[in-house]
Every structure is written in C-alpha cells, then in structure tokens.
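Architecture at a glance
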2 protein chains.
Amino acid sequence: MVLVDSKNLKSLMKQVLLLHNVDEIVAKTTVEGLVHASLRGVDSHGVRLFFHYLAGLKSGRLNPNPNFVFEQTSESTGILDADHTFGHAAGIKAMQLSIELAKKAGSAHIAVKNSSHCGALAYFALEACKHDMIGVAYTHATSRLKSANGQREFFGNNPICFTAPMKDEEPFCYDGANSVITFNEVRRYKDLGLELPYGVVADKYGNITTDPSQAEQLISIGDYKGFGLSMIVDILCGLLTGMPVGRDVSKMFGDEEVLKNKRYLGQFYSSYKIDSFISKESFKERLQNLANTLRNEPSLEGVSVMVPGDPEKKIEAKRAVEGIPMPKEDYKKFQNLANEFSLGESI
Amino acid sequence: MVLVDSKNLKSLMKQVLLLHNVDEIVAKTTVEGLVHASLRGVDSHGVRLFFHYLAGLKSGRLNPNPNFVFEQTSESTGILDADHTFGHAAGIKAMQLSIELAKKAGSAHIAVKNSSHCGALAYFALEACKHDMIGVAYTHATSRLKSANGQREFFGNNPICFTAPMKDEEPFCYDGANSVITFNEVRRYKDLGLELPYGVVADKYGNITTDPSQAEQLISIGDYKGFGLSMIVDILCGLLTGMPVGRDVSKMFGDEEVLKNKRYLGQFYSSYKIDSFISKESFKERLQNLANTLRNEPSLEGVSVMVPGDPEKKIEAKRAVEGIPMPKEDYKKFQNLANEFSLGESI
C-alpha cells in the first residue's frame, strides 16, 4: 500500500477529467465524491472507481458536458434529467435542489433520471446537514441480491443513506446496502481460505453456501426483509423516474460493448428541514446525547457499541492526516496517468 | 381456534369503547385498525390487543376524548399532538393530514407526538394509496433489539411501512420491523422443543444463543444494519417529535402502575403524490408488471418468490370469507365483554 495525499490526488483526477473536456463542475463534484468515500474508508466506492469512470467517458457512456434539465413539479418535488453524466455531478445537483426547495416548502424530494453510477451516497446526503436538515439518498444498482425463495439475483444491492446533524461532531450518517456482506468481503474470505458464515451468500443455483469460491449471489439482511427494502429503493429510483428496474437495470462492468451503454440509472434525494418539526438546537443536542449514550452502553468483550458512521469518522480523521492507502497497482496507474498528460509527479 | 366474523367483532369492540365514553371516531379507527391487522394475518398486532387497550383506557393511560392539536409548520410538514389517545386514531388523523397537504405541496410529512401504541403500520400507510400516493409510516417502540456489539437491548423493534398503488390489485405493502424474527416466533420454537437458527436472539448477557428458553433480546437484520435502521426510526419518531428515545421509551406491558403511565410515543407519516414525479397510470402499470415478473421468477423447490405483502393479501382473502381465527381464551374474553355490557351474542 502507498499512502497518497487526498488533495494531490483530487487535483490530479480533476486535471485529467478537464483534459478530457469534462465540465468544470462535473469534474469537481466527481473527484470530490470519490475522495470523500476513500477518506471515509469506503474504498470500494472511492478513488479506485476513477479508472472505470474514465473508461466510461472514453466509450461514450458518460456525458462530459450534460445539459441538466430540472422540472419543479410541485412546491416540494422535482425531476432532474441528468443527461447521462457522472452520477456524482447529478447527485450533488439534485441534493442542492432539494435543499433549496425544502428551505421554502419544509421538505423536498428530487428524483433523478438518466443518471449513472454515483458512488457512495453519504457524499450527497451529508449536504443537507450543512443546512440543518435531515438528508436521505437512495440509488438502485445492477441486480446482485438473491431474491427471497428465488434461484437467482433480482434486485441490486440498493443502498439507503440517512444523515442528521449533531451538536458537537460531524453528522450522524447511516449509509448501507441491503446485503449481509459484500463481494469484497467474500473475496477476503476466499483469499484467507476461510469458510463464510452460514446464510450470507448463495451459489449460482440459489442454494446457500459457505464456500466463498461458490458465491455468486448475495443474501439480503433478514432475507425477505432486505429484499423488500431493495424493492422499495427500486420503486423510488426506477419507477418514479421511468428508469429500468430489477434485472433490467444495466450492467456496470463488462467488455467494451457493455461500457458503451449508458446506465439509465435513477436516484432519489430528500431533505427535511428540522425546524419544520422541532427546534434544530434541541434536535442536535438530543441526537448528540443519544450518540454519547449509545457509545457508553455496556459492550461485549473486545468490542464497543458504535453509532452508524463512527467507523467512517475514525478512518477519516486518520486518513486526512496520513493519506489514503492505495494498492501499488492503482498508485502506478495514477502515476501513468500523470505521465501521459504531463502532469508531473502529482501524487 | 374459533372463527369470528370480522364485522361482528368490529361492532362489538366499537360498542364496548363507546360505552367507555370513547369518542366516536377514535373508537371507529381503533377497531378498524385492529381488525385490519387480524384480517391480514398480523395477529400479534390485531384484535388480541383490544384487551390491552381497554386496560389502558381504564387505567388512565389512554385518553378517550383527545383534543388533537395540529400545527402546520410549512407547505409540506406539520406536527400533530395526539393528546395521549389511541395510536390508531392519531395515525389515521396524521395520515389524512399528510395526504391533504401532499395534494397541494406534492409530498408531506406529519410527525405525531404524545401518541400511544398504534398497532400495525399498514393500516395508515395504505390510506395514501387510495389517493394515488406512496405512503410511508414509522413508529418507535419499547427497547427490544440488542445493540450491535452491546450486552443489552437499546432500540425498539421499530417498524417501517412503505406502500404504493398497483394497477390490478391491492397496493404493494412492505411492513416490517428490524429484528430477524419475533418473540412470537421464539415462543413457537420453544413450544415445539426446537433449537433456534444461529444469530437471531441473544441471552440476557448479550451472547448469541440458539436455546429459545434463554432468548431475552432480538438481533437485528444484518446486526449493525438493522440496528442503524432502528436508530433512524427513533430519530424520526422520537427526536423530531420531542418524545423519549432508546431505552427511555416507555414500557408497553407491566403491572397496574406501568399501565397508568402514558406512553409518550411518536410516529412519522409521509405521503408522496406519484403524479409529482411520473404519470400515475404508468407507475401503477410498471409496479404491477414488476410484481408479476417477481412472482414468476424461478424459485427454490417447494417455495415461490413473493412480493412484500403477498402473504397478507392471501390471508386477507381467506379470512374475509371464513372469519378471523381466534384462540378459545380470547373468544371467551370477548363473549364475557358482550355479556358484561349486555351486548348479547355479538360474535
């Protein structure tokens, strides 16, 4: 692993995007979102995706200069057509629109259509907390979760993110998909030669397996419950937006042909002004107290009770100082990019 | 088991409440909500609760004639003070208010304070679908879920309900708490002398056990994920309303003294007008197609892939005709009530 300074990395990625004629704000929000995820330890959704996005840009999947079209449909709702640009740019735009509407209407919800992969949702939902609002974000994704009772994947591992401001620290942030574990975790078990716990993955026939090399499908939290939550996210992100749902959601990865296809993804972003319900000062103080109480709960040996978002806050504090740990191969790829575009020893 | 006609049962319960000087609409909505749950097979939240509510009415916990105070705080938000009446009456009132606001504002959210137990959430959230809206309902509850990494219960088994209208059948309805299984299910294992699956309950020290007689705490779906979802519900229902949260949420059951205490519960109800995002006809047709597709998914042997709400729809079709199955003891209690108030052979 190489430790990379987040500012240098951000600067390099942004320059590369600009040299590919990506719009200034689209480039800025995309690299900010990727670095945000990496700083918080969400490496699967962090800077490693940059190369995937670059490939999508070159193949024509991603639109470097979108013509965002926003239609406000009521006091508290609207639709944003993202024109097939980077999902990060669409998400920040939509979240900002929902915050603006919520300032007047008390709450607001923006459905995004013709979008693409948007990385980790926390980046968007946390925006609302800067305005003393609760932020919520959803995105659907490629079919990966085994359906309850079914033989095969149906819904994506569709995440839900919920944020709320606190008095003395960064906001509360729950950002979770609906599988028990991730494929990254499955790979770790495989590499270590370990058996998986029972009930977290299924083989290609839909049968539960504990052999990581047979894992083809992820099982949802609470099986039919996580499956239901993923369907809810598909209803919000796919049906309210007119985008494909279930097994019709486009593939993220694949050969050159796949990478040419636009994603046609939908996302859904909500803001709730806290003052519309209760004094924001009292809310933030009570949420702070609740978090403090939780952290002091009697815990099992060797572990402690944490508030959702605590692991990410801890990692962010460390990585902001020490840098983002990056596999050597990725570091080399970034260096090659810097050389290719004569950007010098940027990272 | 005795099969009881739902209309007769509803009529008996309503008459008993009216004879206790309960407001006409409060009585009507409470018995409708209880029967609604029983018809759908959600017996834990159905008519068996009537005796608990009656005890709460007699003890002074529940206010028979509430002075509902509604404050609209913005175009799309409001607070309802339920004045410690039956949670069903407060929930229907709040859902109706959110629907009215959403008709104009596109979406709306009503936080309810000073409420009590409201039974199953589907009864409220389904109201929105009658107006071609998505309905969402949340309530917090007494501490029952083991906290992730913790030794003891912290959050309640706080449910989330999400409904959406469909073209050719009753609405989509996900109504689920965040535990893997319920205490009712634990009791069933105990009665059958069976071991529980691993990872669904913990003993009084917070250690996982498969012995149903040692089960003291429920484990959340995905452990820290369901724990996080329950915290989100507590934020909406407890912090936005000024009600207690976590282990401070009042106890539902207990001795006479406990039953005297008002619950100080909060609930949160949302309505989203589908036409604010996409044509409602197209939405309902696509949701219908999605449900049909899911039901035709290749399934494991002996089971079939179901849409959330399918089991309840199936049971409701049967019970609407055959009646609600009731344990003999409960049937006798209802008969005694009928005799006590000279209501004849009402059920």
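Going by the structure above, here's the rest.
Residues numbered from 1 in each chain as written. Chains lettered and ligands numbered in written order. Predicted model: local features only at pLDDT ≥ 70, side-chain atom pairs only at ≥ 80, totals over all residues. Heavy atoms only, no water.

**Quick notes on the relation of the copies chain A and chain B**
- Its rotation angle being 180 degrees, the transformation that places chain A on chain B also includes 0.0 Å of axial translation and leaves an RMSD of 0.0 Å. The transformation just described matches what one would write down for a two-fold rotation axis. It is A:Ile221 whose C-alpha, among those of chain A, lies nearest the rotation axis, at 2.5 Å. (Least-squares fit on C-alpha atoms with pLDDT ≥ 70 in both.)

**Notes on the packing of aromatic side chains**
- A full pass over the atoms with the stated rule returns 24 aromatic pairs over all chains.
- Ring centres 5.5 Å apart and planes at 55 degrees place the aromatic pair A:Phe277 and B:Phe268 in the tilted group. Highlighted residues: A:Phe277 in the loop between strand 11 (265-273) and helix 9 (280-295) and B:Phe268 in strand 11 (residues 265-273), drawn from two different chains. Both residues of the pair, A:Phe277 and B:Phe268, belong to the buried class.
- Both rings, one in B:Phe155 and one in B:Phe227, keep their centres 5.5 Å apart while their planes meet at 55 degrees; by these two values the pair is tilted. With B:Phe155 in the loop between strand 5 (133-139) and strand 6 (160-164) and B:Phe227 in helix 7 (residues 224-239), the pair connects residues that are 72 residues apart, well separated along the chain.
- A residue is classified by how much of its surface remains accessible, and B:Phe227, at 3% relative accessible area, is buried.
- The structure contains a cluster of three or more aromatic residues connected by ring pairs, namely A:Tyr138, A:Phe268, B:Tyr272 and B:Phe277.
- The positively charged end of A:Lys333 is found above the aromatic ring belonging to A:Phe51, 4.6 Å away from the centroid.
- The ring centre of B:Tyr189 lies 5.8 Å from the NZ or CZ of B:Arg188, which sits over that ring. (Phe/Tyr/Trp six-rings, centres within 6.5 Å; stacked < 30°, edge-to-face > 60°. Helix = DSSP H or I, 4+ residues; strand = E, 2+ residues; numbered from the N terminus. Buried < 20%, exposed > 50% of the residue type's maximum accessible area, 1.4 Å probe, protein only. Lys NZ or Arg CZ within 6 Å of the ring centre and 35° of its normal.)

**Let's talk about the interface of chain A and chain B**
- On the chain B side, the residues contacting the 74 residues of chain A number 74 residues.
- Surface buried jointly by chain A and chain B totals about 6200 Å² across both partners, of which 71% is contributed by carbon and sulfur atoms.
- There are two salt bridges connecting chain A and chain B.
- Of the charged contacts, one joins B:Glu297 and A:Arg152 as a salt bridge, the two residues approaching to 2.7 Å between their closest N and O atoms.
- Applying the counting criterion to the chain A and chain B interface returns 29 residue pairs in polar contact (both at pLDDT 80 or more).
- If you list the elements that add at least two residues to the side of chain A that touches chain B, you get strand 2 (69-74), strand 3 (77-81), helix 4 (87-105), strand 4 (107-115), strand 7 (172-176), helix 7 (224-239), strand 11 and helix 9 of chain A.
- When residues of the side of chain A that touches chain B are assigned to their parent elements, the largest contribution, ten residues, is made by helix 7 of chain A. (Contact = heavy atoms within 4.5 Å. Buried area = accessible area lost by both parts, 1.4 Å probe. Salt bridge = Lys/Arg side-chain N within 4 Å of Asp/Glu carboxyl O. Polar contact = N/O pair within 3.5 Å; in protein donor to acceptor, adjacent residues only side chain to side chain.)

**Some details on the sheet that holds strand 9 (residues 208-209) of chain B**
Residues and elements named next belong to chain B.
- Strand order in the open sheet made by the three strands is 9-8-10, with antiparallel pairing throughout. Each edge of the open sheet is held by one strand with a lone partner, namely strand 9 and strand 10 (217-218).
- Where strand 8 (residues 201-202) and strand 10 come together, two bridges link them in antiparallel fashion. From the neighbouring strand, Val-201 faces strand 10, where its bridge partner is Leu-218. (Pairing = 2+ DSSP bridges.)

**Overview of unusual backbone geometry**
- Located in the positive-phi region is A:Asn114, a residue other than glycine, with phi close to 50 degrees.
- As for its position among the elements, A:Asn114 is in strand 4.
- Positive phi is not limited to glycine here, since B:Asp223 has a value of about 50 degrees.
- Mapped onto the elements of the fold, B:Asp223 is located in the loop between strand 10 and helix 7.

**Comments concerning the side chain of A:His109**
- Relative to the assigned elements, A:His109 resides in strand 4.
- For A:His109, a relative accessible area of 0% gives the class buried.
- Side chain to side chain, A:His109 and B:Ser107 meet in a polar contact 3.5 Å long.
- There is a polar contact of 2.8 Å between the side chain of A:His109 and the side chain of B:His109.
- Excluding its chain neighbours within four sequence positions, the residues that come into contact with A:His109 are A:Ser76, A:Thr77, A:Gly78, A:Phe268, A:Tyr269, A:Ser270, A:Tyr272, B:Ser107, B:His109, B:Tyr272 and B:Phe277.

**Description of the packing of helix 1 (residues 6-19) of chain A against helix 11 (residues 328-340) of chain A**
All names here are of chain A.
- Contact pair helix 1 / helix 11: the axes reach a minimum separation of 11 Å and the direction vectors enclose 50 degrees. Classified by the angle their axes make, helix 1 and helix 11 are oblique. Where helix 1 crosses over helix 11, the handedness of that crossing is left-handed. Taking contact as the criterion, the partners of Leu-9, Leu-12, Met-13 and Val-16 in helix 1 are, on helix 11, Phe-334, Leu-337 and Ala-338. (Axes fitted to C-alpha atoms, helices over the stretch in contact; angles between N-to-C directions. Parallel < 35°, antiparallel > 145°, perpendicular 65-115°, else oblique. Left-handed = near helix turned anticlockwise from the far one by under 90°.)

**So, the pattern of salt bridges**
- If you walk through the whole model with that rule in mind, you get 32 salt bridges over all chains.
- Of the charged contacts in the structure, one is a salt bridge between A:Arg247 and A:Glu153, with a shortest N-O distance of 3.9 Å. Taken as a pair, A:Arg247 in the loop between helix 7 and helix 8 (256-260) and A:Glu153 in the loop between strand 5 (133-139) and strand 6 (160-164) lie far apart in primary sequence, 94 residues in all.
- With a relative accessible area of 21%, A:Glu153 lands in the partly exposed category.
- We note a salt bridge from B:Glu322 to B:Lys318, for which the minimum N-O separation is 3.4 Å.

**Section: the pairing of strand 3 of chain A**
Residue and element names in this part refer to chain A.
- Counting buried residues in strand 3 gives five out of five residues, a clear majority hidden from the surface.
- Here strand 2 hands over to strand 3 after two residues, the two strands then running antiparallel side by side.
- As judged from the five bridges shared by strand 3 and strand 4, these two strands associate in the parallel manner. Counterpart to Leu-80 in the pairing with strand 4 is Val-112.
- The parallel pair strand 3 and strand 4 is bridged by helix 4, and the resulting crossover is right-handed. (Right-handed = clockwise from strand over helix to strand, strands pointing away.)

**Some remarks on the pairing of strand 6 of chain A**
Residues and elements named next belong to chain A.
- Among the five residues that make up strand 6, five are buried, leaving the element largely enclosed by the rest of the structure.
- Two strands pair when backbone bridges link them, and strand 5 and strand 6 are joined in this way by four bridges, in the antiparallel orientation. In the sheet register, Tyr-138 faces strand 6, and the bridge partner there is Ile-160.
- In terms of strand pairing, strand 6 meets strand 7 through five bridges, oriented antiparallel. Opposite Cys-161, over in strand 7, you have Asp-175 as the bridge partner.

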